[in-house]
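# Summary of the model geometry
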Amino acid sequence: MKKRILPLLFAALLCASSLISCSGGETETTAETTADTAAVETEAETDSLEARKLVDDGLADKDFGGEDFRMLYQERYAEFQYVEEMTGDTLDDAVYNRNMNVEERFNAVIVHNVGAEEQLAMDIKNSVLAGNDEYDLYMGHTMYTGKHSIQGIFRNMYDLGIDFSKPWYPQYAVENLTFNGKMFLTCSDICLSLASNTYCYYFNKDLIVNNSMEDPYTVVNEGRFTIDYVLENVASVYQDLNGDGAVGNGDLYGFSGEKSNSTVAYLYSFDLDIMAMSDTGEISVPFGSDERSVDGIEKLKTLLYGSQGSYNVTADAKGNADMFVEQTAIFTTGVLGDSVNRYRDDCDFDYGIVPYPKFDEAQETYFTVAGGSISSAAVPLTVTRDELVGTMFAALSAETWKTVIPQYYDVVLKYKGARDEASIAMIDTILNGRCLGFDFIYDAFSGFVYKTAGILKGNVALPTVVAQQEQAVMKHYEAVRDLFFPEYSDT
C-alpha cells in the first residue's frame, strides 16, 4: 500500500532526503538524492532564499512565439495564480513577478480562466468530451475533479516530459498518485491551497491559563497530544457562563470543533488505513477491520457528541470560528489559512496553533491532511502542444517553489498569521505531517473518507457501516483503478 509523506520544503528547510511513513513513523532513505537537493543543502546555511534560486529547473530556454498558455482554476484561489499589477503586498508581488518572469523567459502568454468548484469540474469534463481544445492546465476542486476524472478526461502527466523528481513536486503526492506508470492528477507547489487549507487546532492562550491547563506546545512537543489527552483535559472543561443553568450557547467549552469536513483530518492524524491499491491494481478496504480504526472512531464520537465539555450542537465552520473569537471555546478546529483570513484581525486575545491529536503516544508523528477543496493539477486529454504545456507547468511550479512559497510560508502564513515563535514552529510541524494519497484524492465523496462525518454522527458501529457501504465504495474505486489498469475493465 502506498502511503507516504515527505517533509515540506520550507525556506529554512529546503529539501529532505527521507520519506516518513504514515504507518508507524519509520524513515526510509530515498533511492536517489538529486544533485538539486545537494546544491540546495550546500547553500542553505548561508542564505536559504538565494539557495532556492540556484536550483536548476532543467528547462532549456525556449521561444514559443507568443503562444497562449491557457489555465483554468478555482476562483477561490485566484489570488495564488494571478495579480494584475504590483501592489506592494509581499505575496501579491511574488505572484506577479513569477508570472511575468515565466512569460518573458519562454515568450508565452498566460491566459487565466476561473470557475467555481463542481461547475468548474463539469466544465472541463464537458469541454474534453466534446473534443474542444480550450485549456492547457486545469487546477480544480480535488473531490469534484476526482469524481469526473474517472471518465478518462486527463492526460498521463508522465507523457509531457516533466521531471517529477524536482523539489517543487511534493514526493508524497507523486508516489501515492502514481500507478502502472501513470499519474492523471497531481499537485505541485503552484497549488498553494495545500498550505492554506491544511487542518489544525487553534487554542486561546488566556483561557488555557485561566483554567489551569498545560501549555499545549509543551504537550505537543513531548508527544502527549493524543485523542485521549484531548478527551481527558480539553473536553472536560465546561462553565455555565451565562448562569441560566442550562448547557447551551454563551457557555464556556473546552472544545468546539466543526463536525463536517474537518473530521476527515482525524483519519490521517490517527494514522488509520482507509483504502489501498497495490502496484498491480488490487483494491482492499482496511478501514473498520482493525481495532485501531474502531477504537479511534468511538473516541471521536465521544469528543464530538458525548462530552459536556465539548460543544455538541452541529455547527458549521463559521459557527465554531465565532465561538472561538467570542472566547466561549478554548480549542477549535480549522485550517492554517484561518489565521490570516480571520483570527489575526478579529481575535483580541493571544491564540496558538497546534496539530490535530495523535491516536496514542506510541505514534511518533503528528499527521494531518489538507481539505478536499485543494486544487489538483491535470492536463486535459485534448492537449496536443506537449512541449509548451509541460514546459510552462514545470516553469510555473519551479518559480512558485523558488520565490512564492517562501513568501507565503514565512511572511504570510507564519509572521502575519502566527502570534509567537512557538506557533511558527508548530506550523512547520503541521505542514511536515501532511498526507495525500490515492484514497483521498479520488474519494469524490463516494469513498469512506468523506463519509466520516456521517459515521461519527450515527449510532452504528464502524464495522457494520463499512460492511453496509463497502460494495458501493469498492465499485467507485474499481472505476478509478480501471484508469490505471485498463485490463481490469476487460475482465
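I will try to describe carefully the structure that is included in this document. Note that the structure is a prediction, hence the values are computed from the model and not measured. Per-chain numbering applies: the sequence of each chain, read as written, is numbered from 1 onward. Given that this is a predicted model, residues contribute local features only at a pLDDT of at least 70 and side-chain atom pairs are listed and counted only at 80 or more, while totals for whole chains, interfaces and linings are drawn from all residues. Heavy atoms throughout the structure, all of them, feed into the side-chain values; hydrogens and water do not.

### A look at the packing of helix α15 (residues 386-416) against helix α16 (residues 421-432)
One can describe the packing of α15 onto α16 by two numbers: an axis separation of 9 Å at closest approach and a directional angle of 125 degrees. Judged by the angle between their axes, α15 and α16 are oblique. Handedness of the crossing formed by α15 with α16: right-handed. Each of Tyr409, Leu413, Lys414 and Tyr415 in α15 lies in contact with α16, whose residues at this interface are Ile424, Ile427, Asp428 and Leu431. Its residues placed into classes, the contact of α15 with α16 shows six nonpolar, no polar and two charged. For helices, the axis comes from a line fit to the C-alpha atoms of the stretch in contact; other axes are also lines fit to C-alpha atoms, and the angle between any two N-to-C directions lies between 0 and 180 degrees. Put simply, DSSP H or I for four residues or longer makes a helix, DSSP E for two residues or longer makes a strand, and each gets a number counted from the N terminus. Our angle categories are set so that under 35 degrees counts as roughly parallel, over 145 as roughly antiparallel, 65 to 115 as roughly perpendicular, and the remainder as oblique. Helix crossings fall into two classes, left-handed where the near helix is turned counterclockwise from the far one by less than a right angle and right-handed where it is turned clockwise. Any two residues whose heavy atoms approach within 4.5 Å at even a single point are treated as in contact. When residue character is reported, Ala, Val, Leu, Ile, Met, Phe, Trp, Tyr, Cys and Pro are called nonpolar, Asp, Glu, Lys and Arg charged, and the others, Gly included, polar.

### Examining the packing of aromatic side chains
To pair, rings of Phe, Tyr and Trp, with the six-membered ring standing in for Trp, must have centres within 6.5 Å; the planes then decide the type, stacked if under 30 degrees apart, edge-to-face if over 60, and tilted in the middle. Applying the stated criterion to the full structure yields 41 aromatic pairs. One aromatic cluster is present, built from ring pairs that chain together Tyr199, Tyr201, Phe203, Tyr217, Phe225, Tyr229, Phe255, Tyr266, Phe270, Phe331, Tyr356 and Phe359. In this analysis the charged atom, NZ for Lys or CZ for Arg, is taken to sit over a ring once it is within 6 Å of the ring centre and within 35 degrees of the ring normal. Seen from the ring of Trp401, Arg52 lies directly overhead, with NZ or CZ sitting 4.3 Å from the centre. The ring of Tyr488 carries Arg481 above its face, with NZ or CZ at 3.9 Å from the centroid.

### What about unusual backbone geometry?
Positive phi, normally seen in glycine, also occurs at Asn107, with a value near 50 degrees. Structurally, Asn107 is set in the loop between α3 (90-106) and β5 (108-115). Only protein chains enter the accessibility calculation, which uses a 1.4 Å probe. A residue is then buried if its area is under 20% of the maximum for its type, exposed if over 50%, and partly exposed in between. Given a relative accessible area of 35%, Asn107 falls into the partly exposed group. Here Glu117, not a glycine, exhibits a phi torsion of approximately 40 degrees, which is positive. Structurally, the position occupied by Glu117 is in helix α4 (residues 117-129).

### Some points on the sheet that holds strand β12 (residues 329-335)
Pairs of strands are assigned from DSSP output, requiring at least two bridges between the strands. As summarised here, the arrangement of the five strands in space is β8-β9-β12-β7-β13, forming an open sheet in which the pairing is mixed. The two strands at the open ends of the sheet, each matched to only one other strand, are β8 (238-239) and β13 (351-354). As judged from the three bridges shared by strand β9 (residues 252-256) and β12, these two strands associate in the parallel manner. Bridge assignment links Phe255 to a residue of β12, and that residue is Phe331. The strands that helix α14 (residues 337-346) touches are β7 (199-204), β12 and β13; relative to β12, the one it contacts most, it runs at about 130 degrees.

### A few points about the packing of α4 against helix α5 (residues 142-149)
At a closest axis distance of 8 Å, the pairing of α4 and α5 adopts a crossing angle of 30 degrees. Taken together, α4 and α5 sit at an angle that is classed as roughly parallel. Classified by chirality, the crossing of α5 by α4 is right-handed. Contacts between α4 and α5 involve Glu117, Glu118, Ala121, Met122 and Lys125 from the first element and Tyr144, Thr145, Lys147 and His148 from the second. A breakdown of the residues in the contact of α4 with α5 according to their chemical character gives three nonpolar, two polar and four charged.

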